Number of protein chains: 2
Amino acid sequence: MAIKGGKYGEHRVSETKGALPQTADKIDNDMTKVYSNEIIVDVSSLNIDSASFAQLKGEFDGDTAKIGAKIMEIVSERGKMQNPVTGSGGMFIGTVSHVGEDIISTDIKKGDKIASLVSLSLTPLKIEEITAIHSEIDRVDIIGQAVLFESGIYAKLPADMSAELALAALDVAGAPAQVAKLVKPCQSVLVLGAGGKSGMLSCYEATKRVGPTGRVVALLRDHTEKEQGDFILKNKLAHAAIYADAANPALVLDESLRANNGSEYDISISCVNAPGTEMGCILPVKDGGTVYFFSMATSFTRAALGAEGVGKDVNMIIGNGYTKGHAEITLSILRECEPLRSLYESKYL
Amino acid sequence: MAIKGGKYGEHRVSETKGALPQTADKIDNDMTKVYSNEIIVDVSSLNIDSASFAQLKGEFDGDTAKIGAKIMEIVSERGKMQNPVTGSGGMFIGTVSHVGEDIISTDIKKGDKIASLVSLSLTPLKIEEITAIHSEIDRVDIIGQAVLFESGIYAKLPADMSAELALAALDVAGAPAQVAKLVKPCQSVLVLGAGGKSGMLSCYEATKRVGPTGRVVALLRDHTEKEQGDFILKNKLAHAAIYADAANPALVLDESLRANNGSEYDISISCVNAPGTEMGCILPVKDGGTVYFFSMATSFTRAALGAEGVGKDVNMIIGNGYTKGHAEITLSILRECEPLRSLYESKYL
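Predicted model only: the values in this text are computed from it and were never measured.

Draft legend 1. The arrangement of the overall build of chain A in detail. For chain A, the count of helices and strands is 11 helices and 12 strands. For chain A, whose C-alpha radius of gyration is 21 Å, the value lies close to the compact-globule estimate of 20 Å for 349 residues. Projecting the C-alpha coordinates of chain A onto the three principal axes gives extents of approximately 65 × 45 × 40 Å. Across the 349 residues in chain A, those meeting the buried criterion constitute 59%. Considering only residue pairs separated by 6 or more positions, chain A has 71% of its internal contacts joining residues 24 or more positions apart. A total of about 13,700 Å² of accessible surface is found on chain A, and carbon and sulfur atoms cover 52% of it. Here chain A contributes 35 positive and 44 negative side-chain charges, whose respective centroids are spaced 4 Å apart.

Draft legend 2. The relation of the copies chain B and chain A, seen in detail. Mapping chain B onto chain A calls for a rotation angle of 180° and an axial translation of 0.0 Å; the resulting RMSD is 0.1 Å. The relationship between the two copies is best expressed as a two-fold rotation axis. The rotation axis passes nearest to the C-alpha of I317 of chain B in chain B, at a distance of 2.3 Å. Comparing interface residues between copies, 100% of those in chain B also sit at the interface in chain A, which points to an isologous, same-surface contact.

Draft legend 3. Examining the side chain of K312 of chain A more closely. You can see K312 of chain A is positioned in the loop between α9 (300–309) and β12 (315–318). Within the structure, K312 of chain A has its side chain in polar contact with the backbone oxygen of L283 of chain A (distance 3.3 Å). When neighbours within four sequence positions are excluded, K312 of chain A is seen to be in contact with E264, I282, L283, V285, K286, D287 and A307 of chain A together with Y8, N320 and Y322 of chain B.

Draft legend 4. Representation of the sheet that holds strand β4 (residues 125–134) of chain A in the model. Residues and elements named next belong to chain A. The strand order β4-β5-β1-β2-β3-β6 describes an open sheet built from 6 strands, whose pairing is antiparallel. In this open sheet, the two edge strands, each paired with only one partner strand, are β4 and β6 (154–156). Strand-to-strand, the axes of this sheet are offset by a mean angle of 30°, without reference to chain direction. When β4 meets strand β5 (residues 139–148), the two strands line up antiparallel, connected through 8 bridges. Along β5, the bridge assignment pairs A132 with D141. Packed on one face of the sheet, helix α2 (residues 64–78) meets β4 and β5 and runs near 165° to β4.

Draft legend 5. Representation of the side chain of S198 of chain B within the structure. Note on placement: S198 of chain B falls in helix α5 (residues 197–210). S198 of chain B has contacts with V172, A175, C271, F294 and Y344 of chain B, leaving out every residue within four places of it along the chain.

Draft legend 6. How the structure looks around the interface of chain B and chain A. The partner chain A presents 48 residues to the 48 residues of chain B that form the contact. Surface buried jointly by chain B and chain A totals about 4,100 Å² across both partners, of which 60% is contributed by carbon and sulfur atoms. The largest share of the area that chain B buries against chain A comes from Y8, F300 and I318 of chain B, three residues that together contribute 18% of it. D313 of chain A is the salt-bridge partner of K181 of chain B, the closest N and O atoms lying 3.3 Å from each other. For the pair chain B and chain A, the interface holds 14 residue pairs in polar contact (both at pLDDT 80 or more). Among the elements that line the side of chain B that touches chain A, the one with the most residues is helix α9 (residues 300–309) of chain B, at 9 residues. When β12 of chain A meets strand β12 (residues 315–318) of chain B, the two strands line up antiparallel, connected through 3 bridges. If you follow I317 of chain A over to β12 of chain B, its bridge partner there is I317 of chain B.

Draft legend 7. A look at the sheet that holds strand β1 (residues 39–48) of chain B. Residues and elements named next belong to chain B. Spatial ordering of the open sheet is given by β4-β5-β1-β2-β3-β6, a layout of 6 strands whose pairing is antiparallel. Of all strands in the sheet, those with a lone pairing partner are β4 (125–134) and β6 (154–156), marking the two edges. The average angle at which neighbouring strand axes cross in this sheet is 30°, direction not considered. Strand direction decides the pairing type here: strand β3 (residues 113–116) and β6, joined by 3 bridges, are antiparallel. Paired with S116 across the strands is Y154, a residue of β6.

Draft legend 8. Local environment of unusual backbone geometry. Residue and element names in this part refer to chain A. The backbone of D61 shows a phi angle near 50°, a positive value even though the residue is not glycine. With respect to the helices, strands and loops of the structure, D61 is situated in the loop between α1 (50–59) and α2. Even without being a glycine, N261 presents a positive backbone phi close to 55°. Structurally, N261 is set in the loop between α7 (249–258) and β10 (265–270).

Draft legend 9. A look at the pairing of strand β2 (residues 90–99) of chain B. Residue and element names in this part refer to chain B. Here β1 pairs with β2 via 9 bridges, running antiparallel. Within β2, the residue paired with V41 across the bridge is V96. Relative to β3, β2 is paired through 3 bridges, and the arrangement is antiparallel. Its bridge partner being in β3, I93 is matched across the sheet by A115.

Rules and cut-offs
- Residues numbered from 1 in each chain as written.
- Chains lettered and ligands numbered in written order.
- Predicted model: local features only at pLDDT ≥ 70, side-chain atom pairs only at ≥ 80, totals over all residues.
- Heavy atoms only, no water.
- Helix = DSSP H or I, 4+ residues; strand = E, 2+ residues; numbered from the N terminus.
- Rg over C-alpha atoms; globule rule 2.2 N^0.38 Å.
- Buried < 20%, exposed > 50% of the residue type's maximum accessible area, 1.4 Å probe, protein only.
- Contact = heavy atoms within 4.5 Å.
- Areas by Shrake-Rupley, 256 points an atom, 1.4 Å probe, with all protein chains shown as cover.
- Lys, Arg positive; Asp, Glu negative; His and termini not counted.
- Charge placed at Lys NZ, Arg CZ, Asp CG, Glu CD.
- Least-squares fit on C-alpha atoms with pLDDT ≥ 70 in both.
- Polar contact = N/O pair within 3.5 Å; in protein donor to acceptor, adjacent residues only side chain to side chain.
- Pairing = 2+ DSSP bridges.
- Axes fitted to C-alpha atoms, helices over the stretch in contact; angles between N-to-C directions.
- Buried area = accessible area lost by both parts, 1.4 Å probe.
- Salt bridge = Lys/Arg side-chain N within 4 Å of Asp/Glu carboxyl O.

Now the structure itself:
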């Protein structure tokens with residue numbers, strides 16, 4: 001009978017008292033001693049986080065043999081594929097080989113193909129062999145095994161789309177799913193960074209949720225994003241598309257109010273992949289409204305002090321990449337919206 | 001007839017297109033051209049932000065004459081008292097000398113004594129003379145004038161307490177006021193950093209709000225905070241006081257669940273003035289619950305990736321120092337709770 005481990009994988013951390021797998025330098029990747037609340041997966045591919053893969057490409061001048069050797073070295077030293085320079089991980093795809101007897105209320109069984117939705121930076125991983133490196137899409141095919149903890153999240157790969165398309169969408173699944181929970185009929189919503197991968201999904205979901213009496217405005221950086229703006233309008237992902245640098249709050253305020261009949265918004269959603277855009281997200285929102293920061297470039301102090309500085313009584317939320325059902329919500333969008341699915345297939349695979 | 005300026009003071013920024021007063025290097029502090037939506041205040045004291053004052057003391061070895069000269073130089077160059085090293089400001093106290101004709105729905109008039117509740121880092125300021133420097137409490141008495149913009153917030157100084165006591169509380173007014181809005185009867189609440197200035201006020205307000213059927217647990221760092229823990233229990237600011245380093249998530253989880261009959265919490269509130277405590281705030285909260293980060297040491301990415309990493313579906317809020325009525329809510333606590341008022345008078349004046 002296997003021993004039961006901690007819900008968050010604490011049992012695979014040894015060196016730092018009280019540490020969790022993500023913050024630990026090294027975790028135990030021994031696949032021969034399996035705990036009763038772990039799932040073991042035969043891994044076929046790693047999708048390395050893009051910041052991490054870019055760092056590796058830079059360090060080794062794109063030499064895939066050297067990149068592969070470095071990945072083997074990192075995983076062998078740390079027990080996980082967490083790039084020591086960027087601190088980031090990625091996701092994996094694989095086939096379930098074992099479900100511990102203390103894993104309850106799960107819908108997976110041995111043989112299921114799944115994608116992990118927790119970061120590789122906290123996932124025990126063992127690599128036997130690297131079989132291919134696809135530099136252009138940050139993917140590494142391997143023979144190996146990984147552990148999912150009791151708190152770990154994953155998605156069964158759908159039968160009606162390629163694993164690559166599913167992964168591209170699942171990578172940003174938190175954003176549209178949080179929008180689905182947050183946005184209500186009749187509201188006005190401003191989406192900043194609307195032209196990117198999470199921005200388009202968020203626009204689609206917001207437009208669906210506000211219904212015929214609401215209004216969604218997509219903000220794009222400038223006319224280099226005209227193509228995305230036209231796509232959004234043509235496919236009715238939003239009611240209007242406007243162009244302004246999100247780091248210029250006075251300009252964002254002017255343009256966004258003009259696009260909403262002079263009224264402030266109920267909600268703004270930040271998908272902008274650039275720093276210094278907090279005030280651009282805060283100013284257009286009415287008192288009592290909500291600012292949802294999904295962008296990882298968000299600064300906590302700039303947001304907190306910025307809202308106070310202008311006396312804005314808004315609810316500011318830190319984007320949580322996880323919410324219940326986020327994978328299903330996001331994959332459903334690709335099923336519902338054929339143009340978005342085609343765009344994703346042409347752009348992100 | 002005076003010209004109307006921007007709501008956020010954009011009209012006093014010249015050099016950077018689209019910038020707001022807080023991010024601008026220099027703002028216009030000319031008090032002879034007053035806009036119709038500005039309030040002018042005769043300033044008697046500046047309460048310099050503690051990080052800023054500590055930097056000045058360090059730079060000039062505590063020499064108050066040199067500190068004074070540096071403050072004059074900064075204000076003369078930038079048009080505001082924003083320390084170029086720390087970026088922070090502070091607050092001011094003064095007497096209203098002019099209320100612009102386009103300031104509507106305000107309860108102040110010429111002659112009222114007020115404290116500004118927006119940062120000096122965005123407030124146009126002119127200093128004629130520094131009359132005293134009180135190094136031990138970061139206060140600088142001056143003869144000068146400041147501008148409050150249409151979006152600026154302030155509090156009338158109450159007649160039933162000293163200006164110093166009011167200021168000490170107003171400095172952290174956002175925390176208890178947000179707690180008042182957030183916490184509902186019957187809930188369980190964990191306050192981390194409960195022994196500090198904002199932590200104690202938050203405990204008091206949370207205990208009041210949860211009522212007889214709820215439970216508030218105060219988390220203190222270690223037994224060096226035993227005095228604060230005993231004070232909290234003796235004066236019923238919380239139902240229990242526990243001791244754990246907030247940066248040790250596994251320990252915080254153990255201790256906090258034990259103090260709540262093994263159950264996860266509805267809400268956690270972070271007032272911890274130390275980095276790396278995000279997971280300690282997230283883990284004890286149940287799915288669907290709320291984590292309120294009031295601490296300025298919070299990292300956006302650590303919170304966002306941390307919650308995702310452990311599959312926690314919690315609502316994470318960025319502490320906004322401003323919410324409607326925050327000054328009145330916080331001053332009321334000092335009127336209601338005599339022991340807390342005495343503690344503040346002995347500790348923070």
